[in-house]
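# Summary of the model geometry
What follows is the residue order along each chain.
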Amino acid sequence: MALDRLIEAIAKKQNPTVAGLDPKLDYIPGDIKEKAFRQYGKTLDGAAAAILEFNKGIIDALCPIVPAVKPQCAYYEMYGWQGMKALHDTIAYAREKELFVITDGKRNDIGSTMQAYAAAHLGKTEVAGETAAAFGGDALTVNGYLGSDGILPLLDVCRAEDKGIFVLVKTSNRSSDEIQNQALEGGEPLYETMGQYCEEWGEALPGKYGYSGVGAVVGATWPAQLGELRGMLSKTFFLVPGYGAQGGGAEDAAPAFEQNGLGAVVNASRSILCAWQKQNTAPEDYAKAAAKEAEKMRDAILTKIGRIRL
Ligand SMILES: O=c1ccn([C@@H]2O[C@H](COP(=O)(O)O)[C@@H](O)[C@H]2O)c(=O)[nH]1
């Protein structure tokens, strides 16, 4: 089961974090952009070339440190098909370096359309009897708020292709309580019900460490809810965004973990990608600065949760 691979990588590297690859052009050193623009002009091709070179530098520096990366589709889609090619090439490069790839697409739709998303991001696409993996990540973030028919098609693909999903349960953004905290008939907040669905959907994808292939997204910006959901959802592994730029810290993320240090992987994107700007590092050392920031994040979380034991 795919999340077993993530869990093993977390334990091997003693690092329960994932580096987000959200490569805005503003975060990319001038030299990389100028080189790409000289070759392709200030065009979508030029932007995509700069993004790919930047990402490769980040991946090279981070692959001994982090178990996983999380490219956010939006930052690639905004550069058209050229950006989507950079997403494809980034995923392929990260997997070559044996990193677990969580594609952050937050996809959802009716069942038939979900089959297409499942093929695109987790499985294979059929072309006249031949098949090919379109993007080839290891897991995809999805929105469960359309209900089971939007999730079930993914589970078949996850089982067949050894992939996983992370379902939005309690998102990190400030206004997530407007809808996700609404009390249902029994008085429980909506996010709890979504969490229970993750446990139910996960029964189809059991894993060897007690967690299923259906994970939940729960923000580090909501530590009380993180702890509450950790207590309720014993088989659901958490993807925890909101660390760093959104204000969450190690203490906030800690309730996502069990006593053995398992249970969650914490994401940071901007704080890692922009570390060179914050630390006032020379632009050519952007990847070293990212590695330093990733180590700092790892150490801060390990100080709170202790050694990770399988
Ligand atoms: O609840 C959610 C779900 C996803 N995200 C995504 O995670 C990263 C966070 O980036 P930072 O720069 O570390 O804030 C980004 O891709 C979001 O789209 C989230 O923040 N919250």
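Residues numbered from 1 in each chain as written. Predicted model: local features only at pLDDT ≥ 70, side-chain atom pairs only at ≥ 80, totals over all residues.

As annotated in an unreviewed UniProt entry, the chain is Orotidine 5'-phosphate decarboxylase from Caproicibacter fermentans. As stated in UniProt under Pathway (unreviewed entry), the record for the chain gives "Pyrimidine metabolism; UMP biosynthesis via de novo pathway; UMP from orotate: step 2/2." According to its UniProt record, the chain has this under Catalytic activity (unreviewed entry): "orotidine 5'-phosphate + H(+) = UMP + CO2". (UniProt positions renumbered as here; feature names shortened; annotations may be inferred.)

### Overview of the UniProt feature "active site" (unreviewed entry) in the chain
Per the UniProt annotation, the sites labelled "active site" (unreviewed entry) are K106. Judged by local crowding, K106 falls into the partly exposed class, with 17 C-beta atoms found within 10 Å. Beyond its immediate chain neighbours, meaning those up to four positions away, K106 contacts T141, V142, N143 and L168. (Buried ≥ 20, exposed ≤ 12 C-beta atoms within 10 Å, placed from the backbone. Contact = placed C-beta atoms within 7 Å.)

### Here's the deal with the sheet that holds strand β8 (residues 214-218)
One closed barrel accounts for 8 strands, arranged β1-β2-β3-β6-β7-β8-β9-β10; its pairing is parallel. Each strand of the sheet is rotated relative to its neighbour by a mean of 30°, with strand direction disregarded. Relative to strand β10 (residues 264-268), strand β1 (residues 17-21) runs parallel, the two being bridged by 3 bridges. When the sheet's bridge partners are listed, T17 is paired in β10 with V266. (Pairing = 2+ DSSP bridges. Helix = DSSP H or I, 4+ residues; strand = E, 2+ residues; numbered from the N terminus. Axes fitted to C-alpha atoms, helices over the stretch in contact; angles between N-to-C directions.)

### Concerning the confidence of the model for the chain
For the chain, mean pLDDT is 97; residues scoring 70 or higher make up 100% of the total. In the predicted complex, the global pTM is 0.98; the interface-specific ipTM is 0.99. (pLDDT = per-residue confidence, 0-100.)

### Concerning the environment of A224
Inspection of the secondary structure puts A224 in helix α10 (residues 223-232). As for A224 and D252, which are separated by 28 residues in sequence, their C-alpha atoms are 8.4 Å apart.

### Re α10
Structurally, the α-helix is built with 3.6 residues per turn, so residues lying three or four positions apart point the same way. For α10, the set of buried residues is P223, Q225, L226, L229 and R230. Around the axis of α10, the buried residues are gathered within 155° of arc, so they sit on the same side. More than 90 degrees from the buried face of α10, the exposed residues found are A224 and G231. Contacts from the buried residues of α10 go to β7 (164-170), α9 (190-202), β8, β9 (238-240) and α11 (250-253). (Arc of directions from axis to C-beta.)

### Re the environment of Y286
Turning to its location among the elements, Y286 is positioned in helix α14 (residues 286-305). Sequence separation between Y286 and G202 is 84 residues, and the spatial gap between their C-alpha atoms is 39 Å. With near-sequence residues (within four places) excluded, Y286 lies in contact with P29, G57, W276 and T281.

### Some points on α9
Given a rise of 1.5 Å per residue, 13 residues ought to cover 18 Å, and the 18 Å separating the end C-alpha atoms of α9 matches this to within 8%. Along α9, the residues classified as buried are Y191, E192, M194, G195, C198, W201 and G202. In this structure, the buried side of α9 is in contact with α7 (152-161), β7, α8 (177-180), β8 and α10. (Expected span 1.5 Å × (residues − 1).)

### Quick look at the UniProt feature "domain: Orotidine 5'-phosphate decarboxylase" (unreviewed entry) in the chain
Within this numbering scheme, the UniProt entry marks residues 16-290 as carrying the feature "domain: Orotidine 5'-phosphate decarboxylase" (unreviewed entry). End C-alpha to end C-alpha, residues 16-290 measures 16 Å, and it is 42% helix and 17% strand.

### Remarks on the nonpolar core
Residues V167, V240 and A290 are the most contacted members of the largest nonpolar core, which totals 102 residues. Not counting chain neighbours up to four residues away, the residues in contact with V240 comprise V218, G219, A220, L226, A253, A256, A264, V265, V266 and N267. (Core = buried A, V, L, I, M, F, W, Y, C linked by C-beta atoms within 7 Å.)

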